[in-house]
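Structure assessment
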Amino acid sequence: MVATAIASQETPLSLGSEVELLGVSKSRPKGTGRETGGLVLSHVHLRLEPGSFVSLVGPGGCGKTTLLRLLAGLEAPSAGHVRVGGQSVQGPSPRRGIIFQDANLFPWLSVLKNTTFGPLSVGASPGEAEARATHWLTFLGLGKFLHRYPHELSGGMQQRVAIARAIVNEPELLLADEPFGGLDWITRELVCDELLRLWHTTRKTFLYVTHALEEAVYVSQRVVILSARPGTVARVIEVNLPEQRWAHADLRFTPEYARLVEEVREVFAEQTALAASVRAHV
Ligand SMILES: Nc1ncnc2c1ncn2[C@@H]1O[C@H](COP(=O)(O)OP(=O)(O)OP(=O)(O)O)[C@@H](O)[C@H]1O
Ligand SMILES: [Mg+2]
């Protein structure tokens, strides 16, 4: 039934969920945080609109991965509330997909079986799991590689499988933690376009962490910049570029794109300088 809906595109997939972080702080046990007594995130207020694509940048160690882990339900906040779709996050759920820098594929399973693993483990029938996995793998350009094994794929292809694995459960929220950090720039740009097309088609809520400021602007509708540790929201920059960016070959050469990247870079540099001056005075 689900497979038929996906294949025919008659029934649109449901929109991604609203994400809310309300006064979220996270501290680590004493002794783990050098300068701040263990405080990693401090009073983070952030709302992601349902179906939006938001990127998250910030100085190294400011708590980006921690914030994603809170949203994934892998850790609990020390204070404040983390909500997805109006529900408090209580633990991990297949409704929240996550992509890491390493594709983390099962080396002994084919591309198809790596991707059906998730739906099968939450009770989908083998036929339905296979139809959904085939659909998304084909969407991501891997239709001819369903029966290959991870070691037969390039890094970019492995990350596409990781994306398919995350989207195949139709999550309400997709979290990505520097997923393309290990790829060369050309491959990285191509896979970013795939991710954008996927977001455009599925309208799930995407939160994308990256160190690359230009990439943050290129992929998202909004760039959230965190302060240095303890991370808090320093600025949110709206990106009013066309949605179907992959169809605008010269987008990266437009003055508006350059202006946005510069704006993000300035805030980022301010935050890094601020952190350095605080360190110099403690
Ligand atoms: N399990 C842990 N135990 C103790 N401290 C931790 C743990 N995980 C992270 N930290 C510390 O918490 C802070 C935030 O880490 P986190 O990985 O969230 O930052 P980040 O912004 O993702 O960094 P990066 O840009 O390097 O990926 C860092 O100072 C880190 O050393
Ligand atoms: Mg990190």
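A brief structural summary.

1. A short note on the nonpolar core
- Residues L56, L71, I163, A164, L175, L207 and V264 are the most contacted members of the largest nonpolar core, which totals 71 residues.
- Top contributing element to this core by residue count: helix α5 (residues 155-167), with seven residues.
- Setting aside residues up to four positions removed in sequence, V264 forms contacts with V57, L213, A216, V217, V223, I225 and I237.

2. Thoughts on the environment of Q90
- One can find Q90 in the loop between β5 (87-88) and β6 (96-99).
- Using a count of 9 C-beta atoms within 10 Å as the deciding quantity, one classes Q90 as exposed.

3. Remarks on the sheet that holds β5
- One open sheet accounts for four strands, arranged β2-β1-β4-β5; its pairing is antiparallel. Two strands in the sheet have a free side with no partner beyond their single neighbour: β2 (39-48) and β5.
- Two strands pair when backbone bridges link them, and strand β4 (residues 79-84) and β5 are joined in this way by two bridges, in the antiparallel orientation. Its bridge partner being in β5, V84 is matched across the sheet by Q87.

4. Quick word on the packing of α5 against helix α6 (residues 185-202)
- In contact at an axis separation of 10 Å, α5 and α6 are set at 15 degrees when each is read in the N-to-C sense. Viewed along their axes, α5 and α6 adopt a mutual orientation that is roughly parallel. Our pair here, α5 against α6, has a crossing hand that is right-handed. Contacts from G155, G156, Q159, R160, I163 and I167 in α5 reach T187, L190, V191, E194, L195, L198 and T202 in α6.
- Grouping the amino acids of the contact of α5 with α6 by side-chain chemistry returns six nonpolar, five polar and two charged.

5. Describing the pairing of strand β7 (residues 173-177)
- Taking burial as the measure, the five residues of β7 include five buried ones, the bulk of the element.
- One ladder, built from four bridges, connects β6 with β7; its direction is parallel. Across the sheet, the residue bridging to G97 is L174, located in β7.
- Bridge analysis of β7 against strand β8 (residues 205-209) gives five bridges, and the strand direction is parallel. Across the sheet, L175 pairs through a bridge with L207, a residue of β8.
- For the crossover from β7 across α6 to β8, the handedness is right-handed.

What counts as what
- Counting from 1, residues in each chain are numbered in the order their sequence is written.
- Written order determines the labels here, with chains lettered from A and ligands numbered from 1.
- Given that this is a predicted model, residues contribute local features only at a pLDDT of at least 70 and side-chain atom pairs are listed and counted only at 80 or more, while totals for whole chains, interfaces and linings are drawn from all residues.
- Defined on buried residues, the nonpolar core groups Ala, Val, Leu, Ile, Met, Phe, Trp, Tyr and Cys residues joined through C-beta atoms within 7 Å.
- Here a residue counts as buried when 20 or more other C-beta atoms fall within 10 Å of its C-beta, as exposed when 12 or fewer do, and as partly exposed in between; the C-beta atoms come from the backbone.
- Numbered from the N terminus, helices here are DSSP runs of H or I no shorter than four residues, and strands are runs of E no shorter than two.
- Here, residues touch in the contact sense if the C-beta positions derived from the backbone fall within 7 Å of one another.
- A pair of strands is labelled paired if DSSP reports no fewer than 2 bridges between them.
- Axes here refer to lines fitted to C-alpha atoms; in helices the fit is confined to the stretch in contact. Angles between the N-to-C directions go from 0 to 180 degrees.
- Any angle that falls under 35 degrees is termed roughly parallel, while one over 145 is termed roughly antiparallel, one within 65 to 115 roughly perpendicular, and all others oblique.
- Here a crossing is called left-handed whenever its near helix is offset anticlockwise from the far helix by less than a right angle, and right-handed whenever the offset is clockwise.
- When residues are grouped by polarity, Ala, Val, Leu, Ile, Met, Phe, Trp, Tyr, Cys and Pro land in nonpolar, Asp, Glu, Lys and Arg in charged, and all others, Gly among them, in polar.
- Here a crossover is taken to be right-handed if, once the strands point away from the viewer, the path from the first strand over the helix to the second is traced clockwise.

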